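# Secondary and tertiary structure notes
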Amino acid sequence: MSDRAPAVERWLAWRYLATRQREGFVSFIAIFSLIGVALGVATLIVVLSVMGGFREQLLGRIIGMNGHIVVTARDGMLKATPDLLAKLQALPGVTVVRPTLERQALVSVHGQTRGASLRGVPREDLLNREIVSGNIVQGNLDDFGNKPGVVVGERLRQSLHLRVGEMLTVVTHRLNENGTIAPRYTDYEVLASFLTRRYEFDSSLVFIPLAMLQEDLEYGPETVSSIDVFLVDPAAAPRLAQELRQSLGRDDLRISHWLGLNARFVGALQVERVMMFIILTLIVVVAAMNVVASFTMLVRVKRGSIAILRTMGATPRTIVRAFFLAAAAVGLVGTAIGTALGLLVCANMPSIGRLLSTITGAAGSGGAEVDFITSMPVRVQAIEVASIVAVAIVLSLLAAAYPAWRSTRIEPVEGLRHE
């Protein structure tokens, strides 16, 4: 009997899942419990993957415009000496080191004036900065660094009604010998415009060749406001920043990392991600409760059958396993279907995003921020999917345990009394 026990238990589990006229309503509830588990798992995978995609794009835009580690002077401007740049470049995990000169200024054209953030960078820096060079809307970067020219954000260009090839006046200030402040006017040709789809960049940034900005501001060739350090692994920035502080041993330098500079923003994204996981897991919990309810009802309906099996020699262990397999099968099959459905939706999310934007009328609105939302970026992480599947399986097995335990509480005499 022991050799055939697993086969008997599986047969009994299948019979309990099969629809009969008397327990058809119970099977109906079990089917909807399976659908609930599947939809809960699929929803978890899709929502967390879409949130991961948005998080990756948002952080990519922050990191793409600024370094993973930022070195600045505690007082005044920073001297980017060859020795300092070499030490930064020698740090393990560093890919590139970029000196940057930033200054707030006014830009004026056609009688209109706007505030702008000037950013002086070397030519090769701008060409290799994918967030800018890969998002050029008008013009090109061929002449950047070869002649007095600037690359501006698309929103700023539109607000000033600028066209590529026109001259833009940059207004900064200088300190006279008598201590008074006088404006300084410099004309630059507009070479190109870029669109990162992040408003604060597109509406205010103006890139100028570093050497030209240093000359216009009457700074030396080594004077910069910061040095951006880019890493192979952005997540290692806090550790490498600490190593850099220890290796340099300079109290006049402030060494920050992107996680610290954007702590509130990154923390908000992380909290939102965890809360969404907890809230959406409740969908699977509700479906698991339906499994408990439907199979508890099934145990009551099958009291006579359980009593007969007990009188024929079936052990309580056999009955428990049969009901446990039946109830667990609903949760496990629902988890498998939900996982497949969630991954299928994620794989076709760009098409779904375009369809939703068409239905809601957001398509072709021309708004970069709206286009960013309707593009539906997706990032499916194996660890996330595995954790969702693990949670669903654990809940399914826990839901199967109670009906299986209830089946052992039925005594053969009591079960046959009502038959």
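Preceding this paragraph is the structure being described.
So, here's what we can say about the structure. (Residues numbered from 1 in each chain as written. Predicted model: local features only at pLDDT ≥ 70, side-chain atom pairs only at ≥ 80, totals over all residues. Heavy atoms only, no water.)

### Quick look at the overall build of the protein
Each helix and strand counted, the protein has 17 helices and 12 strands in total. Across the 419 residues of the protein, 44% fall into the buried class. A separation of at least 24 residues holds for 78% of the contacts in the protein among residues at least 6 apart in sequence. With an accessible surface of roughly 21100 Å², the protein has 60% of that area assigned to carbon and sulfur atoms. (Helix = DSSP H or I, 4+ residues; strand = E, 2+ residues; numbered from the N terminus. Buried < 20%, exposed > 50% of the residue type's maximum accessible area, 1.4 Å probe, protein only. Contact = heavy atoms within 4.5 Å. Areas by Shrake-Rupley, 256 points an atom, 1.4 Å probe, with all protein chains shown as cover.)

### Points about unusual backbone geometry
Here H161, not a glycine, exhibits a phi torsion of approximately 55 degrees, which is positive. Checked against the element boundaries, H161 lands in the loop between α6 (154-159) and β7 (167-175). Of note, E218 is a non-glycine position whose phi angle comes to about 60 degrees, a positive value. Here E218 shows up in the loop between α8 (210-216) and β10 (223-224). Residue classification places E218 among the exposed residues on the basis of a relative accessible area of 57%.

### Topic: the environment of L259
Its place among the elements puts L259 in helix α10 (residues 258-261). Each C-alpha atom, one on L259 and one on H68, is 8.2 Å from the other, the two residues being 191 residues apart in sequence. Beyond its immediate chain neighbours, meaning those up to four positions away, L259 contacts P238 and V266.

### Concerning the pairing of strand β12 (residues 253-257)
In terms of burial, β12 is a largely internal element, 4 of the 5 residues being buried. When strand β1 (residues 69-73) meets β12, the two strands line up antiparallel, connected through 5 bridges. When the bridges of β12 are listed, T72 appears paired with R254. (Pairing = 2+ DSSP bridges.)

### Here's the deal with the nonpolar core
Membership of the largest hydrophobic core comes to 48 residues, with the highest contact counts inside it found for I69, V71, L88, L168, V206 and I227. At 6 residues, strand β3 (residues 94-109) tops the list of elements feeding residues into this core. Non-local contacts of V206, meaning those with residues more than four positions away in its chain, are made with V107, A116, S117, L118, R119, V150, V151, V152 and L156. Of all hydrophobic cores here, the second largest spans 17 residues; its members include M51, L280, M349 and A392. (Core = buried A, V, L, I, M, F, W, Y, C linked by side-chain atoms within 4.5 Å.)

### Some points on helix α9 (residues 237-248)
With 12 residues, α9 should cover 16 Å at 1.5 Å per step; its first-to-last C-alpha distance of 16 Å lies within 8% of that length. Of all the residues in α9, the buried ones are A237, L240, A241, L244 and L248. Across the axial projection of α9, the buried residues extend over an arc of 105 degrees, all falling on one side. Against the buried residues of α9 lie β1, α3 (82-89), β11 (226-231), β12 and α10. (Expected span 1.5 Å × (residues − 1). Arc of directions from axis to C-beta.)

### Side note on a nonpolar patch on the surface
Taken together, the side chains of F28, I31, F32, I35, L39, L341 and L344 define a hydrophobic patch exposed on the protein surface, amounting to about 660 Å² of accessible area. Those elements that place two or more of their residues in the nonpolar patch are α2 (24-65) and α13 (316-347). No other element matches α2, which puts 5 residues into the nonpolar patch. As for its position among the elements, L344 is in helix α13. (Patch = residues over 30% accessible without salt bridge, like charges linked within 9 Å, V, L, I, M, F, W, Y side chains within 5 Å. Salt bridge = Lys/Arg side-chain N within 4 Å of Asp/Glu carboxyl O.)

### Things to note about the packing of aromatic side chains
Counted by the stated rule, this structure contains 1 aromatic pair. Lying across the ring of F230, R98 places its NZ or CZ 4.6 Å from the centre. (Phe/Tyr/Trp six-rings, centres within 6.5 Å; stacked < 30°, edge-to-face > 60°. Lys NZ or Arg CZ within 6 Å of the ring centre and 35° of its normal.)

### Digging into the pattern of salt bridges
This model, assessed by the stated rule, comprises 12 salt bridges. A salt bridge links K147 to D143, with the shortest nitrogen-to-oxygen separation between them at 3.7 Å. The salt bridge involving E154 is made with R157; its shortest N-O contact spans 2.7 Å. In this pair, E154 and R157 are both assigned in helix α6, 3 residues apart and thus about one turn of the helix distant.

### Description of the pairing of strand β8 (residues 181-194)
Pairing geometry for strand β5 (residues 136-139) and β8, over 3 bridges, is antiparallel. When the sheet's bridge partners are listed, G139 is paired in β8 with A192. Sheet analysis places strand β6 (residues 149-153) next to β8, joined by 5 bridges and oriented parallel. From the neighbouring strand, G153 faces β8, where its bridge partner is F194. In terms of strand pairing, β7 meets β8 through 9 bridges, oriented antiparallel.

### Quick notes on the side chain of S226
Along the chain, S226 turns up in strand β11. Assessed through its relative accessible area of 5%, S226 is described here as buried. For S226, the residues in contact, after removing those within four places along its chain, are V70, V71, T72, L78, R98, P99 and T100.

### Some remarks on the side chain of H257
With respect to the helices and strands, H257 occurs in strand β12. Exposure remark for H257: the relative accessible area of 17% places this residue in the buried category. Reaching out from H257, the side chain makes a polar contact with the backbone nitrogen of G260 at a distance of 3.0 Å. Sequence-distant contacts of H257, defined by excluding residues within four places in its chain, comprise H68, I69, A237, P238, A241 and R245. (Polar contact = N/O pair within 3.5 Å; in protein donor to acceptor, adjacent residues only side chain to side chain.)

### Quick look at the environment of E272
In this fold, E272 is placed in helix α11 (residues 263-301). Separated by 221 residues in the primary sequence, E272 and M51 place their C-alpha atoms 9.1 Å from one another.

Everything listed here is a matter of coordinates, which is why it stays silent on function.
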